[in-house]
Amino acid sequence: MSPRDLAAASRECPILHVDMDAFYASVAVRDRPDLQDVPVIVGGGHRGVVLSANYLAREYGVRSAMPMTRARRLCPQAVVIPPEFATFTAVSSSVMENFRQVTPLVEALSLDEAFLDVSGSVRRLGSPYTIAEQLRARIYDEQGITCSVGVASTVAVAKLASRRAKPDGVVVVPPQSVTAFLHPLDVGELWGVGEKTTQMLNRLGLMTVGDIAHTPLATLQRAVGASLGAQLHQLAWGQDRRVVTPRRGADEPDKSMGADETFGRDTDDPEVILREILRLSAKVAGRMRTARVAGRTVTLRVRFADFTTITRSRTLGDATDVTQEIYQTAADLFTALGLQRARLRLVGVRMEGLLPRAAVQRQLVLGARESGWSEADQAVDRATLRFGAQAVRPATLLGEGRP
DNA sequence: TCTGGGGTCCTAGGACCC
DNA sequence: TCTGGGGTCCTAGGACCC
């Protein structure tokens, strides 16, 4: 189709899904001309996975989330670059700012993708297709990286369309073409259908979105549950009530915050494990205090050497952001497991049921009077602000990481 | 040296309350 | 002395997303 036809076809398609192409890899190589024509993988670490791979690396079968060991086997000549999240975040902010100049209705899904509702921008800027191309040109000029855009009448179809547009393209799916576009797709392309659900659906002989569309709702729901079944049936017919919702602000905090870490090597040493639980508790509590939230439920996560994973949680009487309370609870949960030197691969600590701290101020003040730990945390926060995260930590963490 | 780290949502059973 | 029904909270596990 000509640009003029695409502009006309996009008239009833106010939803844009913009997705940066191989984002981390593109950012990592854009200032490195020497890497322009070689396979590049962003990722690494000791037991890490691929975060992003450029298209040259993908030709060898390298994919996101693949274990690095496998990626290196598939493409030994690839250059591996460790991620620089500060840079990614900065580039992302600029790109999102470009989006907001088009419309206030921007929903960022992650650092590298966003939905835009441009209904209110058409008069000023032209058709949704025209806006998509303008954005792509501006982002390339300013950031030196490419992106792809799906243009459709619903969020779900726009998201699928951007995938078809990759790399460096635009795909418009007008309303009258939605089912023709959707029905040939593999079931796994649908939002919410991952590996397990794909297997489940395939076992029922459902391979494509069209197959799902022509399966009775009750059958789907029996297979994958009431909620997902209903969702899939609607999506398969292009029905999607979701609207573009700008990200929640400070008034609506995250629902949970957590940290986990895979050990460099599996360990069965309770001292090592408890020290890690303390470090993670301090990390989570610090982030909660920065976000001015407190939480009631402490969840400990343990992954064994064979990758099986369990969780144990305890809900406290009052919400807390106090490192020592979180650590004590997590440590109790760990001890209660009664592990007989089982080898662990990972531990994690997560706080759920988060509330704005203003809503629990009274309890925190009382808690602080009793324990004194809250004052201790505040002193740590002040010192961290002045001297950096490595400057202050619990005594049992001294001697780690630094001379 | 197979399989990160940050999240969200759903399901299901049992406790508990009215 | 024979068996309610609904709502909410808590816990554990699992699937999925980027």
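Counting of residues starts from 1 at the beginning of each chain's written sequence and follows it residue by residue. As they are written, the chains are lettered A onward and the ligands numbered 1 onward, keeping that order. In keeping with the model being predicted, local features are shown solely for residues with a pLDDT of at least 70 and side-chain atom pairs are shown and tallied solely at 80 or more, while totals for entire chains, interfaces and linings include all residues. Neither water nor hydrogens contribute to the side-chain values; these are computed over all heavy atoms in the structure.

Named according to an unreviewed UniProt entry, chain A is DNA polymerase IV originating from Nocardioides jiangsuensis. UniProt positions are given in the numbering used here, feature names are shortened, and annotations may be inferred rather than shown by experiment. Turning to chain A, the UniProt annotation filed under Subunit (unreviewed entry) states: "Monomer." In its Catalytic activity (unreviewed entry) section, UniProt records this for chain A: "DNA(n) + a 2'-deoxyribonucleoside 5'-triphosphate = DNA(n+1) + diphosphate".

(A) Summary view of the pairing of strand β12 (residues 344-352). Most of β12 sits inside the fold, with seven of its nine residues counted as buried. By definition, two strands form a pair when at least two bridges between them are found by DSSP. Numbering of helices and strands starts at the N terminus; helices are DSSP runs of H or I of at least 4 residues and strands are runs of E of at least 2. Relative to β12, strand β9 (residues 256-267) is paired through eight bridges, and the arrangement is antiparallel. Residue pairing in the sheet places Thr267 in a bridge with Leu344 of β12. Strand direction decides the pairing type here: strand β10 (residues 293-304) and β12, joined by eight bridges, are antiparallel. Bridge assignment links Val302 to a residue of β12, and that residue is Val347. For every residue, the accessible area obtained with a 1.4 Å probe (protein chains only) is divided by the maximum for its type, and the residue is called buried under 20%, exposed over 50%, and partly exposed between those limits.

(B) Region of the structure containing the protein's contact with DNA strand C. Residue proximity to a molecule or strand is established when one non-hydrogen atom of the residue lies within 4 Å of it. Neighbouring DNA strand C are 19 residues; Ser110, Lys159, Thr197, Ser313 and Thr315 lie closest to it. The share of sugar and phosphate among atoms of DNA strand C within 4 Å of the protein is 100%. A distance of 2.4 Å separates a sugar or linking oxygen of DNA strand C from a polar atom in the side chain of Ser110. At 3.1 Å, a side-chain N or O of Arg296 approaches a phosphate oxygen of DNA strand C. N or O atoms closer than or at 3.5 Å make up a polar contact, with two conditions inside protein: a donor-capable atom paired with an acceptor-capable one, and, for residues adjacent in sequence, both atoms drawn from side chains.

(C) The arrangement of the protein's contact with DNA strand B in detail. Near DNA strand B lie 27 residues; those nearest to it are Thr69, Ser256, Asp260, Thr262 and Arg287. Backbone atoms, meaning sugar and phosphate, make up 64% of the atoms of DNA strand B lying within 4 Å of the protein. Note that a phosphate oxygen of DNA strand B is positioned 2.6 Å from one of the side-chain N or O atoms of Thr262. Contacts to DNA strand B include Arg350, whose side-chain N or O atom sits 3.2 Å from a phosphate oxygen. Among the elements of the structure, α13 (226-236), β9, α14 (270-291) and β12 are those that each provide at least two residues to the surface near DNA strand B.

(D) Spotlight on the UniProt feature "site: Substrate discrimination" (unreviewed entry) in chain A. Following the UniProt record, the feature "site: Substrate discrimination" (unreviewed entry) maps to Tyr24 here. With respect to the helices and strands, Tyr24 occurs in helix α2 (residues 23-30). Sequence-distant contacts of Tyr24, defined by excluding residues within four places in its chain, comprise Val42, Leu51, Ser52, Phe85, Phe88 and Leu111. The contact criterion used throughout is that any non-hydrogen atoms of two residues lie within 4.5 Å.

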